[in-house]
Amino acid sequence: MNGNGIFAVIGLGRFGTSIAKTLADHGAEVIAIDNDLNKIEQIKEDVAYAVALDATDIKALSAQDIQQVDAAVIAIGEDFEALLLATAHVLDLKVKRVIARAANLQQRMILEKIGVKEILSPEETVGKTVAETLLQPGLRSYFELPDDYEIVEIRTPKRLVNQTVRDIGLRESYDINLITIKRTFKEEKKNGETVQAQHVIGVPRPETVLYESDMLIVMGKSQDINKFVECNE
Ligand code: ATP
């Protein structure tokens, strides 16, 4: 990640705070903004600047040089009118990259109409992840890519345990690419204690054997990945 980036995070609820802290942890310069002084007190040690101001006031925003940041995240939650106004101001100030939060489809539509290109819905994202975990405990989503492609982590389907990559024919039979395998190894520490450690096996070879406890990192279309998981349960 670019350690020299400057980011503004407006609205320091749980979502905004987590974004601001993660950016700062990765070396980014963060301007954290909230109109609640307590929120500013709580975050001020963790970020470069923490300022109490009302983000619906364009003068207050431009006084903090918001126009100079590489990206602004507007993470106000409950008060959609305040989020909308703050977002409109940030767009007016010609901030290069504007990311706003939407709690539902209507809010998303309105944000799109005023010209926001990047919209986040933490509630939806978390809801989807939880549902996926419940439906398919062995499958974890890493990246959603355009055109319905994704990269996911799957526990080796039972039917394929102890087979080689060549035997399974992931590409030929399922249209999925195996990127690598996360494998658990037993390792002996200097004091003689045995611990379990996870490693990736690098680039899989045709003769690589899949073990029961392996996690497969695969890339493909979601429907093909789902078919692969279902076929082999
Ligand atoms: P989360 O779901 O992220 O925990 P939340 O439900 O706590 O968020 P809110 O409290 O609605 O979300 O909003 C997040 C933050 O936005 C709050 O800390 C609130 O003080 C701040 N906020 C609300 N309105 C403004 C405003 N006009 N200017 C600056 N900050 C604001």
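Reading the values: rules and limits
- Residues numbered from 1 in each chain as written.
- Predicted model: local features only at pLDDT ≥ 70, side-chain atom pairs only at ≥ 80, totals over all residues.
- Heavy atoms only, no water.
- Pairing = 2+ DSSP bridges.
- Helix = DSSP H or I, 4+ residues; strand = E, 2+ residues; numbered from the N terminus.
- Axes fitted to C-alpha atoms, helices over the stretch in contact; angles between N-to-C directions.
- Domains from an automatic or database assignment.
- Core = buried A, V, L, I, M, F, W, Y, C linked by side-chain atoms within 4.5 Å.
- Buried < 20%, exposed > 50% of the residue type's maximum accessible area, 1.4 Å probe, protein only.
- Contact = heavy atoms within 4.5 Å.
- Near = heavy atom within 4 Å.
- Polar contact = N/O pair within 3.5 Å; in protein donor to acceptor, adjacent residues only side chain to side chain.
- Areas by Shrake-Rupley, 256 points an atom, 1.4 Å probe, with all protein chains shown as cover.
- Nonpolar A, V, L, I, M, F, W, Y, C, P; charged D, E, K, R; others polar.
- Salt bridge = Lys/Arg side-chain N within 4 Å of Asp/Glu carboxyl O.

**Q** Would you explain the sheet that holds strand β8 (residues 149-155) in this entry?
**A** One open sheet holds the five strands; their spatial order is β7-β8-β11-β9-β10, and the pairing between them is antiparallel. Both edges of this open sheet fall to β7 (139-144) and β10 (194-200), since each of them pairs with a single strand only. The average angle at which neighbouring strand axes cross in this sheet is 20 degrees, direction not considered. In this sheet, strand β11 (residues 215-221) lies alongside strand β9 (residues 177-188) in antiparallel orientation, the contact comprising five bridges. Paired with I181 across the bridge in β11 is L216.

**Q** Got a minute to help me understand the domain arrangement of the chain in this structure?
**A** Note on interface size: it is often stated as the accessible area lost on association of the parts. When cut into domains, the chain gives domain 1 (6-120) and domain 2 (127-232). The centre of domain 1, based on its C-alpha atoms, is set 37 Å off from the matching centre of domain 2.

**Q** Would you take a moment to explain the nonpolar core for this structure?
**A** Buried together is how nonpolar side chains tend to be arranged in soluble globular proteins. In this structure, I10, L61, V90 and L111 are the most contacted members of the largest nonpolar core, which totals 27 residues. Looking at this core, the elements that each hand over two or more residues are β1 (6-10), β2 (29-34), α3 (58-63), β4 (71-74), α4 (80-92) and β5 (98-101). When residues in this core are grouped by element, the largest group, five residues, is from α4. Excluding anything up to four places from it in sequence, V90 contacts I10, L61, A72, I74, V95 and V98.

**Q** In this structure, what is going on with the site of the ligand? I would like to understand it.
**A** Within the structure, the ligand sits among 18 residues, and R14, F15, D34, E78 and R101 are positioned closest to it. Backbone polar atom of G77 to an oxygen atom of the ligand: 3.1 Å apart, as the coordinates give it. One of the backbone N or O atoms of E78 is found 2.6 Å from an oxygen atom in the ligand. In isolation the ligand has 630 Å² of accessible area, and contact with the protein removes 82% of it. Broken down by class, the residue content of the shell around the ligand amounts to six nonpolar, five polar and seven charged.

**Q** Just checking my understanding: could you explain the pattern of salt bridges for this structure?
**A** Working definition: two side chains of opposite charge can pair if their charged atoms are close together. On inspection of all chains with the given rule, the structure shows eight salt bridges. For the salt bridge of D46 with K21, the shortest nitrogen-to-oxygen distance reads 3.7 Å. Of this pair, D46 sits in the loop between α2 (37-43) and β3 (49-52) while K21 sits in helix α1 (residues 14-25), placing them 25 residues apart in sequence. Residue D46 is classed as partly exposed on the basis of its relative accessible area, which comes to 38%. Exposure remark for K21: the relative accessible area of 34% places this residue in the partly exposed category. One salt bridge connects E153 with K182, and the closest N-O pair in it is separated by 2.9 Å. Of the two residues, E153 is situated in strand β8 and K182 in strand β9; the sequence distance between them amounts to 29 residues. Accessibility assignment for this pair places E153 and K182 in one class, buried.

**Q** Please explain the sheet that holds β3 as it appears in this structure.
**A** Within a sheet, adjacent strands bond to each other through the backbone by hydrogen bonds, running parallel or antiparallel. The strand order across the open sheet formed by six strands is β3-β2-β1-β4-β5-β6, and the pairing between neighbours is parallel. In the strand order of this sheet, the two ends are held by β3 and β6 (118-120), each with one partner. Geometrically, the sheet is characterised by an average inter-axis angle of 15 degrees between neighbouring strands, direction not taken into account. Pairing of β1 with β4 involves four bridges; the strand directions are parallel.

**Q** I keep staring at the environment of I176 and nothing clicks. Help me out?
**A** Here I176 lies in the loop between α8 (170-174) and β9. The spatial distance from the C-alpha of I176 to the C-alpha of F80 is 41 Å, given a sequence separation of 96 residues. Setting aside chain neighbours within four positions, we find I176 in contact with L170, R171, V218, M219, G220, D224, I225 and F228.

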